[in-house]
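The lines below spell out each chain.
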Amino acid sequence: LTAPLELLTVLAQVGTWHCRRGLRGAGRSLCRTEGVRALWKGNLTACLRLCPYSALQLAASRRLVTLFTDELGHISHWRAIMAGSLAGMVATIVTYPTDVIKTRLIVQNRLEPSYEGILHAFYKIYHQEGFRALYRGVSPAILGAVPFSAGSFFVYISLDKIWQEPIFHFTPLQNFINGCVAAAVAQTLSFPFETVKRKMQAQSPWLPHYGGVDVHFTGMADCFRQTVKNKGVLGLWRGLTPSLLKIVPYFGVMFSTFEFCKRVCLYRNGYIESPLNYKLTPGVDQSLHPQELRELKLLRRENFEPRKSALEN
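Note that the structure is a prediction, hence the values are computed from the model and not measured.

### Observations regarding the packing of aromatic side chains
Here's step 1: Applying the stated rule across the entire model yields six aromatic pairs.
Here's step 2: Clustering of aromatic rings is evident, with ring pairs tying together Phe-148, Tyr-250, Phe-251 and Phe-255.
Here's step 3: Above the ring of Tyr-53, the side-chain terminus of Arg-49 is found at 4.8 Å from the ring centroid.

Structure (structure tokens):
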């Protein structure tokens with residue numbers, strides 16, 4: 001549903017000729033020259049990448065948060081920021097080649113394609129430009145993961161002060177709003193790195209018009225410099241509007257779903273009476289970890305099961 005917004009964001013960041021008349025004009029030009037289906041270029045790659053990226057980010061974040069907590073289970077804001085940043089880096093590095101392929105599929109002409117699909121793009125980029133081309137732009141991607149992941153997680157865990165109640169009492173609507181606010185702040189902070197990354201991914205001597213990039217550069221620092229020189233400082237935030245329209249509701253849904261799944265797991269572990277509320281189960285030691293609670297339940301079950309007599313054995 002949000003693929004056209006992603007496509008317009010990438011085209012605006014790269015600076016292809018479609019965007020000379022604004023985002024609405026870019027959409028019209030693209031539909032007129034390549035057809036309506038062009039609005040979904042690169043969407044299959046984005047869908048295939050989404051699951052492992054989100055899973056890696058959340059799994060790494062939970063693992064790192066566990067490592068950074070103290071003996072009482074508390075974590076400072078700065079350690080939470082570090083955990084979120086490292087989780088974003090892990091997910092970015094592992095899935096980065098698919099991001100390069102998605103960008104190349106988006107900027108190419110659908111009627112005169114340089115790549116015929118995901119596997120062909122991977123094969124062609126690897127053989128024409130080498131393995132390093134699949135990680136072109138990874139430096140600004142990693143640097144951008146720091147303000148994005150840190151900003152989103154830091155804002156998210158700090159919103160309990162705004163709501164003036166503990167975070168574990170938030171309703172699904174509150175979690176959705178928290179995710180939206182966190183994503184908006186984080187995406188705005190990290191967007192210049194995202195813009196430079198897209199330009200580096202798209203620029204290639206093997207593509208027509210050098211990939212359609214609006215500035216020519218020799219590396220990450222030069223790309224920042226050339227973009228500011230030719231497009232102004234705001235050129236680094238070009239395409240932010242469609243990006244926010246896409247990513248803000250996505251993160252809202254992701255965070256609210258994530259928190260609800262945590263509540264379901266607490267219910268299964270016996271800490272709360274129902275996944276729909278936070279009323280604690282009486283008689284359960286809240287200081288126990290889930291694994292310790294499961295072991296305690298198994299131990300109690302074994303102790304209270306009636307033993308068979310020798311004759312029955």
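### Some points on a nonpolar patch on the surface
Here's step 1: Among the surface-exposed residues, Ile-162, Trp-163, Leu-173, Ile-177, Val-181, Val-185 and Leu-189 lie close enough to one another that they form a single nonpolar patch of about 620 Å² accessible area.
Here's step 2: At the level of elements, helix H7 (160–163) and helix H8 (172–202) are the ones that each hand at least two residues to the nonpolar patch.
Here's step 3: When residues of the nonpolar patch are assigned to their parent elements, the largest contribution, five residues, is made by H8.
Here's step 4: On the secondary structure map, Trp-163 appears in helix H7.
Here's step 5: For Trp-163, a relative accessible area of 30% gives the class partly exposed.

### Thoughts on the packing of helix H4 (residues 77–107) against helix H5 (residues 118–129)
Here's step 1: Remark: H4 packs on H5, axes separated minimally by 10 Å, with the N-to-C direction vectors making an angle of 100 degrees. Here H5 runs roughly perpendicular to H4, going by the angle between their axes. Within the contact between the two elements, H4 uses Val-100, Ile-101, Arg-104 and Leu-105 and H5 uses Ile-118, Ala-121, Phe-122, Ile-125 and Glu-129.
Here's step 2: Broken down by class, the residue content of the contact of H4 with H5 amounts to seven nonpolar, no polar and two charged.

### Looking at the UniProt feature "repeat: Solcar" (unreviewed entry) in the protein
Here's step 1: The positions that UniProt labels "repeat: Solcar" (unreviewed entry) are, in the present scheme, residues 1–67, 75–162 and 170–264.
Here's step 2: Helix makes up 75% of residues 1–67 and strand 0%, and the two end C-alpha atoms of the span are 37 Å apart.
Here's step 3: As annotated, residues 170–264 comprises 72% helix and 0% strand, and the C-alpha atoms at either end are separated by 14 Å.

Basis of the calculations
- Residues numbered from 1 in each chain as written.
- Predicted model: local features only at pLDDT ≥ 70, side-chain atom pairs only at ≥ 80, totals over all residues.
- Heavy atoms only, no water.
- Phe/Tyr/Trp six-rings, centres within 6.5 Å; stacked < 30°, edge-to-face > 60°.
- Lys NZ or Arg CZ within 6 Å of the ring centre and 35° of its normal.
- Patch = residues over 30% accessible without salt bridge, like charges linked within 9 Å, V, L, I, M, F, W, Y side chains within 5 Å.
- Areas by Shrake-Rupley, 256 points an atom, 1.4 Å probe, with all protein chains shown as cover.
- Salt bridge = Lys/Arg side-chain N within 4 Å of Asp/Glu carboxyl O.
- Helix = DSSP H or I, 4+ residues; strand = E, 2+ residues; numbered from the N terminus.
- Buried < 20%, exposed > 50% of the residue type's maximum accessible area, 1.4 Å probe, protein only.
- Axes fitted to C-alpha atoms, helices over the stretch in contact; angles between N-to-C directions.
- Parallel < 35°, antiparallel > 145°, perpendicular 65-115°, else oblique.
- Contact = heavy atoms within 4.5 Å.
- Nonpolar A, V, L, I, M, F, W, Y, C, P; charged D, E, K, R; others polar.
- UniProt positions renumbered as here; feature names shortened; annotations may be inferred.

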